[in-house]
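# Inside the fold
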Amino acid sequence: MSGLNEYLKTEREQSWRVELRKQIKSKDRTSLNRVHMNEVAASKRIQSYIEVNSGLTLTQAQEEAKRCLDCIDPTCISGCPVEINIPKFIKRIEQGNFLEAAKVLKQTSALPAVCGRVCPQEKQCEAKCFYQVKLNKESVAIGHLERFAADFEREAGVMSVPEVAASNGIKVAVIGSGPAGLTFSGDMAKLGYDVTVFEALHEIGGVLKYGIPEFRLPNAIVDVEIDILRKMGVSFETNFIVGRTASMEDLKAEGFKAFFTGSGAGLPRFMDIPGENYIGILSSNEYLTRVNLMDAANVNTDTPILKGQNVVVVGGGNTAMDSVRTAKRLGAKRAMIVYRRSMEEMPARLEEIKHAQEEGIEFLTLTNPIAYFADDKGRVNRMTVQKMELGEPDASGRRSPVPMEGSEYDLVVDSVVVSVGVSPNPLIPSSLPQLKTTRWGTIVVDEDSLQTSIPEMFAGGDIVRGGATVILAMGDGRRAAAAMHQYLTHEN
Ligand SMILES: Cc1cc2nc3c(=O)[nH]c(=O)nc-3n(C[C@H](O)[C@H](O)[C@H](O)COP(=O)(O)OP(=O)(O)OC[C@H]3O[C@@H](n4cnc5c(N)ncnc54)[C@H](O)[C@@H]3O)c2cc1C
């Protein structure tokens, strides 16, 4: 308890500390165990795209909310890139004021139902929770509670719309409708700007729609959050590729004064190994987009997908897990992950790995593909893999995989999904020669303001960071909106 005593030494709000001390002593709150969310059984869920996590019930949510200590100096907030007032929204849940809880979330987050489902809270707000940091106990289930409040509001059919300032008549353009662009749009609309989002695809939402499958994040839930932005006055233009359909100069001529680029990192990487171009080998981006946005899972569709029986997904991140679990749902008998490091190094969330294991996904770890082979029609039918061992840590701090000579063996496959990382979408940088980029193709920005080398253009999310997370993209959207507002206020 020495860490706890030290924490309680802070000179603020004596009465609160006395109360907290009483509660901890009487074990009122800290003796409660974290509530666990119900899930659909693996045998049932692999038959469809039904959401795996069922959400907390009202009783469970209030029980979990009771665990929050309402810390005077809440460290959890510093772990949230969009700075949600976490203790405040949890307190509202505890009090049974669920609609108010949702309102608190919306003050700083345009996508609470999304974040409550896909944010890696265990590495962010929950990693900073007092329980985990000081009491060595399971943190408050902040993500589950966030999801609960957002879902409650939606299901009650009384979605609040954040207040927007009177229009200032200034037009700003947003390139890309992923979480960075959506968050930026919400904050700029609140400040009274006339915001238009230009999206290359036929659907709004970026990876939230085309990448993350229904069983983790239903598209209908993303649509409800996008609808709130519409109600706040944000306009959306789909099938509009900035740099092709119209240039930045064309948009300036239409009166746009400033630009936010949130064009993401959707360019798939391949391994450049023999046979990688055979039929039946595709990127996870193509695989997931076809299923999530183009109805490929249906039998009667114009855009069918190859439904392999022996499917290998190469990689160990979110995208690999989403792809392999999709393959299972498309009917694969063997759906396998081939990953060159061990389970401990896998970048996917623990929850996803656990769900994949329950669903019968095979994990071939410390294994790397080295060549593909095909039948006489050019369709992949076999791949050679090699066993690996872990060597010294590399630049990422993870132990690097080292091939084991003579350990090669073959796997029978009829479909392979390559999920070994993504690169920034190149179109915006290539259409603007004056825009500074790094050697990896990400856009160079000022660290604080996210302003690019073109003064009236700001950028954030994966186009700046490379493949990262939803909440980091959203945090960038917020920071860029504040900085662009400063810039435009100063300019005009
Ligand atoms: C399959 C998958 C699963 C993931 N799972 C998770 C997860 O569980 N949790 C998590 O936190 N993160 C996850 N991520 C990462 C996360 O989704 C991304 O970090 C995040 O979406 C980045 O947001 P963004 O707004 O920068 O870009 P994106 O979401 O990529 O959106 C960019 C948008 O810009 C559009 N665009 C590009 N160029 C142009 C142009 N010239 N004109 C107009 N529009 C353009 C694109 O079509 C796209 O819609 C996952 C990623 C993938 C691929």
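Residues numbered from 1 in each chain as written. Predicted model: local features only at pLDDT ≥ 70, side-chain atom pairs only at ≥ 80, totals over all residues.

As a further point, take the overall build of the protein chain. Along the backbone of the protein chain there are 20 helices and 16 strands. In summary, the protein chain has a C-alpha radius of gyration of 24 Å against a globular reference of 23 Å for 492 residues, a match within 12%. When its C-alpha atoms are laid out on the principal axes, the protein chain stretches across 75 × 60 × 45 Å. Within the protein chain, the fraction of its 492 residues that count as buried is 44%. (Helix = DSSP H or I, 4+ residues; strand = E, 2+ residues; numbered from the N terminus. Rg over C-alpha atoms; globule rule 2.2 N^0.38 Å. Buried ≥ 20, exposed ≤ 12 C-beta atoms within 10 Å, placed from the backbone.)

Moving on, we come to the sheet that holds strand E16 (residues 457-459). Spatially, E3-E2-E1-E4-E16 is the arrangement adopted by the 5 strands of the open sheet, whose pairing is parallel. A single partner strand is all that each edge strand has here, and the edge strands are strand E3 (235-237) and E16. Going from strand to strand, the sheet's axes swing by 25° on average, the running direction of each strand aside. Sheet strands in contact with helix H11 (residues 179-190) are strand E1 (171-175), strand E2 (194-198) and strand E4 (256-261), and its direction is about 165° off that of E2. (Pairing = 2+ DSSP bridges. Axes fitted to C-alpha atoms, helices over the stretch in contact; angles between N-to-C directions. Contact = placed C-beta atoms within 7 Å.)

For the rest of this paragraph, the subject is the domain arrangement of the protein chain. Split into domains, the protein chain comes out as domain 1 (2-156), domain 2 (171-266 + 424-491) and domain 3 (268-422). Centre-to-centre separation of domain 1 and domain 2, based on C-alpha positions: 29 Å. With 19 residues of domain 1 at the interface, the matching set in domain 2 holds 24 residues. With 5 residues, helix H8 (residues 112-118) is the largest single contributor of residues to the side of domain 1 that touches domain 2. Looking at the side of domain 1 that touches domain 2 residue by residue, the class counts come to 13 nonpolar, 2 polar and 4 charged. (Domains from an automatic or database assignment. Nonpolar A, V, L, I, M, F, W, Y, C, P; charged D, E, K, R; others polar.)

With that settled, consider the packing of helix H4 (residues 58-65) against helix H6 (residues 86-94). At a closest axis distance of 8 Å, the pairing of H4 and H6 adopts a crossing angle of 130°. The angle between the axes of H4 and H6 places the two elements in the oblique class. Handedness of the H4/H6 crossing: left-handed. Of the residues in H6, those in contact with Ala61, Gln62 and Ala65 of H4 are Ile90, Ile93 and Glu94. In terms of residue class, the contact of H4 with H6 is built from 4 nonpolar, 1 polar and 1 charged. (Parallel < 35°, antiparallel > 145°, perpendicular 65-115°, else oblique. Left-handed = near helix turned anticlockwise from the far one by under 90°.)

Inspection of the region around the ligand gives 41 residues, with Gly176, Gly178, Gly206, Gly264 and Gly461 positioned closest. Broken down by secondary-structure element, the contributors of at least two residues to the shell around the ligand are H11, helix H16 (318-329), helix H18 (427-431), helix H19 (462-465) and helix H20 (470-491). Among the residues forming the shell around the ligand, the class breakdown is 21 nonpolar, 17 polar and 3 charged. (Near = placed C-beta within 6 Å.)

Here we come to helix H7 (residues 98-108). Restricting attention to buried positions, one finds in H7 the residues Phe98, Ala101, Ala102, Val104, Leu105, Lys106 and Thr108. Where the residues of H7 are buried, they touch H6, H8 and helix H10 (142-156).

On to unusual backbone geometry. Positive phi values are uncommon outside glycine, yet Asp70 reaches one of about 50°. Looking at the secondary structure, you find Asp70 in the loop between H4 and helix H5 (75-78). For Leu366, which is not glycine, the phi torsion reads 50° and is therefore positive. Judged by local crowding, Leu366 falls into the buried class, with 20 C-beta atoms found within 10 Å.

Turning to the nonpolar core, a few remarks are in order. Judged by nonpolar contacts, the single largest core of 120 residues is most densely connected at Ile93, Val114, Ala149, Phe260 and Val416. No other element matches the 8 residues that H20 contributes to this core. Not counting chain neighbours up to four residues away, the residues in contact with Val114 comprise Leu208, Leu217, Ile221, Val222, Glu225 and Val470. (Core = buried A, V, L, I, M, F, W, Y, C linked by C-beta atoms within 7 Å.)

The subject of this paragraph is the pairing of strand E7 (residues 310-314). Where burial is concerned, most of E7 is hidden: 4 out of the 5 residues are buried. Where E7 meets strand E8 (residues 334-338), 5 bridges bridge the pair, whose relative direction is parallel. Its bridge partner being in E8, Asn310 is matched across the sheet by Arg334. Handedness of the β-α-β unit built from E7, H16 and E8 comes out right-handed. Where E7 meets strand E14 (residues 415-418), 4 bridges bridge the pair, whose relative direction is parallel. Note on E14: the bridge partner recorded for Val313 is Val417. (Right-handed = clockwise from strand over helix to strand, strands pointing away.)

Turning our attention to the pairing of strand E11 (residues 380-393). Two strands pair when backbone bridges link them, and strand E10 (residues 367-374) and E11 are joined in this way by 7 bridges, in the antiparallel orientation. If you follow Tyr372 over to E11, its bridge partner there is Met383. Turn length for the E10-E11 hairpin, with the two strands adjacent in sequence and antiparallel, is 5 residues, and the turn residue Gly378 shows positive phi of about 85°. Examined bridge by bridge, E11 and strand E13 (residues 409-412) share 4 bridges and lie antiparallel to one another. By the bridge assignment for E13, Arg382 is matched with Val412. Once E11 ends, the chain turns through 5 residues before running back antiparallel as strand E12 (residues 399-403), passing Gly397 with a positive phi of about 90°.

This part covers the environment of Lys66. Mapped onto the elements, Lys66 comes out in the loop between H4 and H5. When the C-alpha atoms of Lys66 and Gly360 are compared, they prove to be 36 Å apart, with 294 residues separating the residues in sequence. Contact partners of Lys66, with chain neighbours within four places excluded, come to Arg29, Leu32 and Glu94.

Bringing the environment of Gly211 into the picture now. Take Gly211: it is sitting in the loop between helix H12 (207-210) and helix H13 (219-231). Of the residues examined, Gly211 has 23 C-beta atoms within 10 Å and is grouped as buried. As a C-alpha pair, Gly211 and Leu293 span 82 residues in sequence and 8.7 Å in three-dimensional space.

This part is about H10. Compared with an ideal rise of 1.5 Å per residue, which puts 15 residues at 21 Å, H10 spans 21 Å between its outermost C-alpha atoms and is within 8% of the ideal. Within H10, 11 of the 15 residues are buried, which leaves it mostly tucked inside the rest of the structure. Listed in full, the buried residues belonging to H10 are Ile142, Gly143, His144, Leu145, Glu146, Arg147, Phe148, Ala149, Ala150, Asp151 and Glu153. Against H4, H5, H6, H7 and H8 lie the buried residues of H10. One or two positions beyond H10, positive phi appears at Gly157, with a value near 70°. (Expected span 1.5 Å × (residues − 1).)

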